[in-house]
Amino acid sequence: MSATQTTQIEIIKATTTKINEVDFNNLSFGSVFTDHLFECDFKNGEWQQPVIKPYAPFLIDPSTRVFHYGQAIFEGMKAYKNEADEIWLFRPDENYNRFNKSAVRMAMPEVPEDIFMNGLQQLLHLDEAWIKKGKGNAMYIRPFMIANGTGVIANPSDDYKFMIILSPVTSYYAGDVKVLIAEHYSRAANGGIGAAKAAGNYGAQFYPTTLANQQGFQQVIWTDDATHTKLEEAGTMNVFFRINNTLLTAPVSERILDGVTRKTLIELAKSEGINVEVRSVLVDELVAAAKDGSLQEIFGAGTAAVVSPISGFSYKDEYFELPKSETTVASQLKEKLTNIQNKLEEDTFGWTVKI
Ligand code: COI
């Protein structure tokens, strides 16, 4: 992270704090927000004065472009506090770079590094009391940008609003996750926006996921749009399979998000001596491995849940239960990664950044 401060941020402090109303032991993911937010508008072709101000709703014209054409992108990051009360970020450059790739794909302006990084750092320091120590605790950081220009003409907006909001989170346990392998619906297509963290990618998943929920499955494993034969992502996460002691995950593509947790787990697994193959994984291969007993694990990987083990999958109305084991690669990698993120183990990779 190499942001030098060039833009002065105006700071308007909240006169009261909501922190005493929050039960930090019972947080539901992404539902509680800290006292302040960061905001910077893009108008007349340039970024305006950034401001940190009290977290509050704001008025917005009904014709604002984001409502009509979904020109909106976001990132998900986390900050951690160690025993020495230092605040650490995990691979923030990866999120910053991906944010701007998403911006370009959605015809939005790129956010300058000093606005993104200094806004983030100053906001985290101001709401520092909200970042709790201890493994499992983190501050989920949500940078996002919306098309803020008015008028329903179907063109890119001239005006944009970039904001960062913070939500304290605890370790995310999704329970027993059974998944349905998509035979018809797709999350992304070649030439589309699957590789961008665009809001619409997530909204478009809601309907097929709701159908899966009605059949008793928590998530959908997305397959490629053209043939539905390749396994691509799981819910809002990248997906890993362990077959015959080899960890498999699809290569990133126009359809697959370049997940920070995904690339981290690949590096961590290799450093742990686990055999990793980054290649297309076929539905037929998964079904055959489930049948012959060589399928050991399936898990999702993302910032929110870190690693989310999958207990079984259904394909063409046939359900396959995964073997249960006390020692899984999912838990081994999650333990290693969360130790590094929480500064409980040395970070030999240079991923953690103190702010
Ligand atoms: C992530 O885990 O990386 C996400 O983007 C999850 C978010 C959609 C809640």
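Residues numbered from 1 in each chain as written. Predicted model: local features only at pLDDT ≥ 70, side-chain atom pairs only at ≥ 80, totals over all residues. Heavy atoms only, no water.

Under an unreviewed UniProt entry, the protein has the name Branched-chain-amino-acid aminotransferase and belongs to Flavobacterium turcicum. According to the UniProt record, the Sequence similarities (unreviewed entry) comment for the protein is "Belongs to the class-IV pyridoxal-phosphate-dependent aminotransferase family." (UniProt positions renumbered as here; feature names shortened; annotations may be inferred.)

Student: Please explain the pattern of salt bridges as it appears in this structure.
Tutor: Opposite charge on two side chains permits them to pair, given that their charged atoms come into close proximity. Applying the stated criterion across every chain yields a total of 19 salt bridges. Its salt-bridge partner being glutamate 39, residue lysine 53 comes within 3.0 Å of it at the nearest N-O pair. With lysine 53 in strand β4 (residues 51–54) and glutamate 39 in strand β2 (residues 36–43), the pair connects residues that are 14 residues apart, well separated along the chain. Here arginine 91 makes a salt bridge to glutamate 267, at a shortest N to O gap of 3.6 Å. With arginine 91 in the loop between β7 (87–90) and α2 (92–105) and glutamate 267 in helix α5 (residues 260–271), the pair connects residues that are 176 residues apart, well separated along the chain. (Salt bridge = Lys/Arg side-chain N within 4 Å of Asp/Glu carboxyl O. Helix = DSSP H or I, 4+ residues; strand = E, 2+ residues; numbered from the N terminus.)

Student: What's the story with the side chain of aspartate 41 in this structure? I'm lost.
Tutor: You can see aspartate 41 is positioned in strand β2. By relative accessible area, aspartate 41 is classed as buried at 15%. At 2.9 Å, the side chain of aspartate 41 and the side chain of lysine 161 are in polar contact. When neighbours within four sequence positions are excluded, aspartate 41 is seen to be in contact with Glu46, Trp47, Gln48, Asn148, Tyr160 and Lys161. (Buried < 20%, exposed > 50% of the residue type's maximum accessible area, 1.4 Å probe, protein only. Polar contact = N/O pair within 3.5 Å; in protein donor to acceptor, adjacent residues only side chain to side chain. Contact = heavy atoms within 4.5 Å.)

Student: Would you explain unusual backbone geometry in this entry?
Tutor: What you tend to see is this: most non-glycine residues have negative phi, and most peptide bonds are trans. Of note in this structure, alanine 107 is not a glycine but carries a positive phi near 55 degrees. The topology assignment puts alanine 107 in the loop between α2 and α3 (113–126). One non-glycine residue, histidine 228, lies in positive phi territory at about 55 degrees. Examined against the element boundaries, histidine 228 turns out to sit in the loop between β11 (219–223) and β12 (230–234).

Student: When you look at the site of the ligand in this model, what are you seeing that I'm missing?
Tutor: In the vicinity of the ligand, the contacting residues are Phe29, Arg142, Lys197, Tyr202, Thr236, Gly302, Thr303 and Ala304. Within the backbone of alanine 304, one N or O atom sits 2.9 Å away from an oxygen atom of the ligand. For the ligand, whose unbound accessible area comes to 280 Å², protein coverage reaches 83%. Its residues placed into classes, the shell around the ligand shows three nonpolar, three polar and two charged. (Near = heavy atom within 4 Å. Areas by Shrake-Rupley, 256 points an atom, 1.4 Å probe, with all protein chains shown as cover. Nonpolar A, V, L, I, M, F, W, Y, C, P; charged D, E, K, R; others polar.)

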